Amino acid sequence: MFKKEIPPSNRSKVKSSVQRGLRQKLLETYPGFEPYIEDIMPKKASLEAVKLPERTTLYTIDSTPLFFQPFDGPPIPHLKLIHAYPTAIPTIQIDRGAIRFVLSGAALMAPGLTSPGGRLPEKEHAIEAGNVVAVKAEGKKEVCLVGVLKQGTEEMKAKGKGVVMDEGHFLGDGLWRMVLD
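Residues numbered from 1 in each chain as written. Predicted model: local features only at pLDDT ≥ 70, side-chain atom pairs only at ≥ 80, totals over all residues. Heavy atoms only, no water.

- Going by what an unreviewed UniProt entry lists, the protein chain is known as Translation machinery-associated protein 20 and is assigned to Penicillium decumbens.
- In its Subcellular location (unreviewed entry) section, the UniProt record describing the protein chain reads: "Cytoplasm".
- In the Function (unreviewed entry) part of its UniProt record, the protein chain is described as follows: "Involved in translation." (UniProt positions renumbered as here; feature names shortened; annotations may be inferred.)

**Digging into the UniProt feature "domain: PUA" (unreviewed entry) in the protein chain**
Here is step 1: In the numbering used here, UniProt assigns the feature "domain: PUA" (unreviewed entry) to residues 90–172.
Here is step 2: The distance separating the terminal C-alpha atoms of residues 90–172 is 21 Å; by composition the span is 22% helix and 29% strand. (Helix = DSSP H or I, 4+ residues; strand = E, 2+ residues; numbered from the N terminus.)

**Some thoughts on the side chain of Asp95**
Here is step 1: Residue position: Asp95 is located in the loop between strand S6 (91–94) and helix H4 (96–102).
Here is step 2: Side chain to side chain, Asp95 and Ser115 meet in a polar contact 2.4 Å long.
Here is step 3: Those residues in contact with Asp95 that lie beyond four places of it in its chain are Pro111, Gly112, Ser115, Gly117, Gly118 and Glu138. (Polar contact = N/O pair within 3.5 Å; in protein donor to acceptor, adjacent residues only side chain to side chain. Contact = heavy atoms within 4.5 Å.)

**Structural notes on the domain arrangement of the protein chain**
Bring the parts together and some accessible area is lost; that lost area is often taken as the interface size.
Here is step 1: Assigned domains within the protein chain: domain 1 (11–84) and domain 2 (91–170).
Here is step 2: Between the C-alpha centres of domain 1 and domain 2 there is a distance of 24 Å.
Here is step 3: Taken together, the contacts link 9 residues of domain 1 with 10 residues of domain 2.
Here is step 4: Summing both partners gives a buried area of about 790 Å² for domain 1 against domain 2, and 76% of it is carried by carbon and sulfur.
Here is step 5: Considering only the side of domain 1, the residues that lose the most area to domain 2 are Leu79, Ile82 and His83, jointly responsible for 55% of the buried surface there.
Here is step 6: Taken together, domain 1 and domain 2 are joined by 0 salt bridges.
Here is step 7: Run the count over domain 1 and domain 2 and you get 2 residue pairs in polar contact (both at pLDDT 80 or more).
Here is step 8: Where the side of domain 1 that touches domain 2 is concerned, the elements lending two or more residues are strand S5 (76–77) and helix H3 (79–84).
Here is step 9: Sort the elements by how many residues they give to the side of domain 1 that touches domain 2 and H3 lands first, with 3 residues.
Here is step 10: Broken down by class, the residue content of the side of domain 1 that touches domain 2 amounts to 7 nonpolar, 2 polar and no charged. (Domains from an automatic or database assignment. Buried area = accessible area lost by both parts, 1.4 Å probe. Salt bridge = Lys/Arg side-chain N within 4 Å of Asp/Glu carboxyl O. Nonpolar A, V, L, I, M, F, W, Y, C, P; charged D, E, K, R; others polar.)

**Observations concerning the pattern of salt bridges**
Here is step 1: A complete count under the given rule lists 6 salt bridges for this structure.
Here is step 2: When salt bridges that share partners are traced, they join Arg11, Lys13 and Glu48 into one network.

**With respect to the nonpolar core**
Here is step 1: Phe33, Met41 and Ile89 are the most contacted members of the largest nonpolar core, which totals 36 residues.
Here is step 2: Sorting the residues of this core by element identifies helix H1 (16–29), helix H2 (37–40), strand S2 (47–52), strand S3 (56–61), strand S4 (64–70), H3, strand S8 (132–137) and strand S9 (143–148) as the ones contributing at least two each.
Here is step 3: The element best represented in this core is S2, accounting for 4 residues.
Here is step 4: Residues lining this core come from more than one domain, with at least three contributed by each of domain 1 (11–84) and domain 2 (91–170).
Here is step 5: In this view, Phe33 contacts Leu27, Ile40, Pro77, Leu81, Tyr85, Ala88 and Ile89; residues no more than four positions away in its chain are not counted.
Here is step 6: Judged by nonpolar contacts, the second largest core, of 20 residues, contains Ala98, Leu149, Met156 and Met165. (Core = buried A, V, L, I, M, F, W, Y, C linked by side-chain atoms within 4.5 Å. Buried < 20%, exposed > 50% of the residue type's maximum accessible area, 1.4 Å probe, protein only.)

What follows is the structure, given as structure tokens:
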């Protein structure tokens, strides 16, 4: 999604009514952010929208990226926000062999999650297709990828193959390197 450099683009202030709606949508989509929402999006803070390629908008406060929203998708937390609040969204883990592919922007494949180094949630905490997840890497502390699942975690366990996530925001991509001064 953001494999290339993202040129600086025009920013605009978000109306307070739109900001309240975005804040509510963020909490509905990610209830794990509820305890931190005042730190993330204070009511009096000035939210800005930055237009990105592919009809996507990045939302920032004081040049700090918070989340981006594809035209027809849910708000997705920026990796820097996930690093600050790592337990706020569901997490899965890839094995060591998949790390270099993920960090080069390749699609996330089921074998990287179902092999011995990968980790998926137990059946009672299964994650459905269409939900946003953070992806950790075996042996690493920080989340390396965030995006929307194409398959649910139970389906991944059953099939063990196929594309799990087409694209996402990964460490070192254009969105990660984007300068927001």
